[in-house]
Amino acid sequence: MKLLCLIIILLSTVTAYAQDDFAAIQRQWAVCEYQVPAKQQSDCLEKLSINADRISDQDHSRVDALIWAAIVKSSWAGSKGGLGALSLAKDAKQKLETALRLNPGALSGSAYVSLGALYYRVPGWPIGFGDDKRAEQLLKQALAINPEGIDANYFYGDFLLGQKRKDEARLYLNKALKAPARPGRELADRGRRQDIEQCLLKLQ
């Protein structure tokens, strides 16, 4: 009985540390994305990506960590830009596809959101894997899981803006702006609302 209690305590401790690491990745991503100067952003995201990969590799069953490793890598690719970012985007894509096979509903459909964003932001063939049709399918799947979510609505609105479907874009961007706050994600929410406002300005 004592041995069983000890095992339970140890497992609980490991889980708590894992959750702390996971929350730290989320917080630091928001700092890199929204507070670090543009010239330093790529370096910030590179360091965070190394750490996020390490946490994800420690436990391959943790889909949330896998998704966040992909989100950080996607952001790093976007900040880095150019052909050198394509390998990062491909790695993020592979991680997200694995997450979807393991648990498509994890983190309220975040893997669908992030993968959809990659598909419309990465160049298409013959340079990259970009595909607007596939992007829209994935973003709609994200919205089916989390119809009120700020990210699902923002990215679909941003996609529609790029497609010059302005009335639809305005609808989803305004919905994203009214999305409920996410506890512990205050900086990310403020930054995302700034992204949304920038998109809405383009519609004026």
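Refer to the preceding data block for the structure.
For clarity, every value in this text was computed on a predicted model and none was experimentally measured.

A. Structural detail: the pattern of salt bridges. Under the counting rule described, the total for this entry stands at 15 salt bridges. In this structure, Arg-62 and Asp-64 form a salt bridge, with 3.1 Å as the shortest nitrogen-oxygen distance. Both residues of the pair, Arg-62 and Asp-64, count as buried. Each of the salt bridges in this network shares a partner with another, and the network as a whole consists of Asp-151, Arg-182, Asp-189, Arg-192 and Asp-195.

B. Up close: the packing of helix α5 (residues 110-121) against helix α7 (residues 150-162). At a minimum axis separation of 10 Å, α5 and α7 run at an interaxial angle of 15°. One way to sum up the angle between α5 and α7 is to call them roughly parallel. Relative to α7, α5 is oriented so that their crossing is left-handed. Contacts between α5 and α7 pair Val-113, Ala-117, Tyr-120 and Arg-121 from the former with Asp-151, Ala-152, Tyr-154, Phe-155, Asp-158 and Phe-159 from the latter. A per-class count over the contact of α5 with α7 returns seven nonpolar, no polar and three charged.

C. Seen up close, the layout of surface pockets. Taken as a whole, the largest pocket holds about 1,000 Å³ of empty space. In terms of lining, the largest pocket is formed by 44 residues, of which the most central are Ile-71, Ser-75, Ser-114, Phe-155 and Arg-192. Within the residue set of the lining of the largest pocket, elements represented by two or more residues are α1 (2-34), α3 (63-80), α4 (86-102), α5, α7 and α9 (186-202). Among the elements that line the lining of the largest pocket, the one with the most residues is α3, at seven residues. Taken together, the residues of the lining of the largest pocket sort by class into 23 nonpolar, 13 polar and eight charged.

D. Layout of the side chain of Ser-74. Structurally, Ser-74 can be placed in helix α3. Residues contacting Ser-74, with those up to four places away along its chain left out, are Ala-92 and Leu-118.

E. Spotlight on the packing of α5 against helix α6 (residues 132-145). Between α5 and α6, the least distance of the axes is 8 Å, while the angle of their chain directions is 160°. If you check the angle between α5 and α6, you find them roughly antiparallel. For the element pair α5 and α6, the recorded crossing hand is left-handed. Counted together, Tyr-112, Val-113, Leu-115, Gly-116, Ala-117, Tyr-119 and Tyr-120 of α5 and Asp-132, Arg-134, Ala-135, Leu-138, Leu-139, Gln-141, Ala-142 and Ile-145 of α6 form the full contact between these two elements. Counted by class, the contact of α5 with α6 contains 11 nonpolar, two polar and two charged residues.

F. Local environment of the state of the cysteines. Applying the stated rule across the entire model yields one disulfide. With a sulfur-sulfur separation of 1.9 Å, Cys-32 is cross-linked through a disulfide to Cys-44. Residues Cys-32 and Cys-44 are joined through a disulfide that is left-handed, its torsion about the S-S bond being -70°. Taken together, the residues span a long stretch of sequence, with Cys-32 in helix α1 and Cys-44 in helix α2 (residues 38-58) at a distance of 12 residues. In this structure, Cys-32 and Cys-44 share a single accessibility class: buried.

G. Here's a closer look at the nonpolar core. Residues Trp-29, Ile-67 and Leu-118 are the most contacted members of the largest nonpolar core, which totals 65 residues. At 11 residues, the largest contribution of residues to this core is made by α3. With residues near it in sequence (within four places) discarded, Leu-118 still touches Ser-74, Ala-89, Ala-92, Lys-93, Leu-96 and Phe-129.

H. The arrangement of α2 in detail. A rise of 1.5 Å per residue sets the reference length of α2, with its 21 residues, at 30 Å; its end C-alpha atoms lie 31 Å apart and thus fit the reference within 8%. All of the buried residues along α2 are Gln-41, Ser-42, Cys-44, Leu-45, Leu-48, Ser-49, Ala-52, Asp-53, Ile-55 and Ser-56.

The rules behind the values
Residues numbered from 1 in each chain as written. Predicted model: local features only at pLDDT ≥ 70, side-chain atom pairs only at ≥ 80, totals over all residues. Heavy atoms only, no water. Salt bridge = Lys/Arg side-chain N within 4 Å of Asp/Glu carboxyl O. Buried < 20%, exposed > 50% of the residue type's maximum accessible area, 1.4 Å probe, protein only. Axes fitted to C-alpha atoms, helices over the stretch in contact; angles between N-to-C directions. Helix = DSSP H or I, 4+ residues; strand = E, 2+ residues; numbered from the N terminus. Parallel < 35°, antiparallel > 145°, perpendicular 65-115°, else oblique. Left-handed = near helix turned anticlockwise from the far one by under 90°. Contact = heavy atoms within 4.5 Å. Nonpolar A, V, L, I, M, F, W, Y, C, P; charged D, E, K, R; others polar. 1 Å grid on protein atoms, 1.4 Å probe; cavity = no way out; pocket = protein on both sides within 12 Å on 5 of 7 lines; lining within 4 Å. Points joined across faces, edges and corners; volume = space filled by probe spheres on them. Disulfide = S-S within 2.5 Å. Core = buried A, V, L, I, M, F, W, Y, C linked by side-chain atoms within 4.5 Å. Expected span 1.5 Å × (residues − 1).

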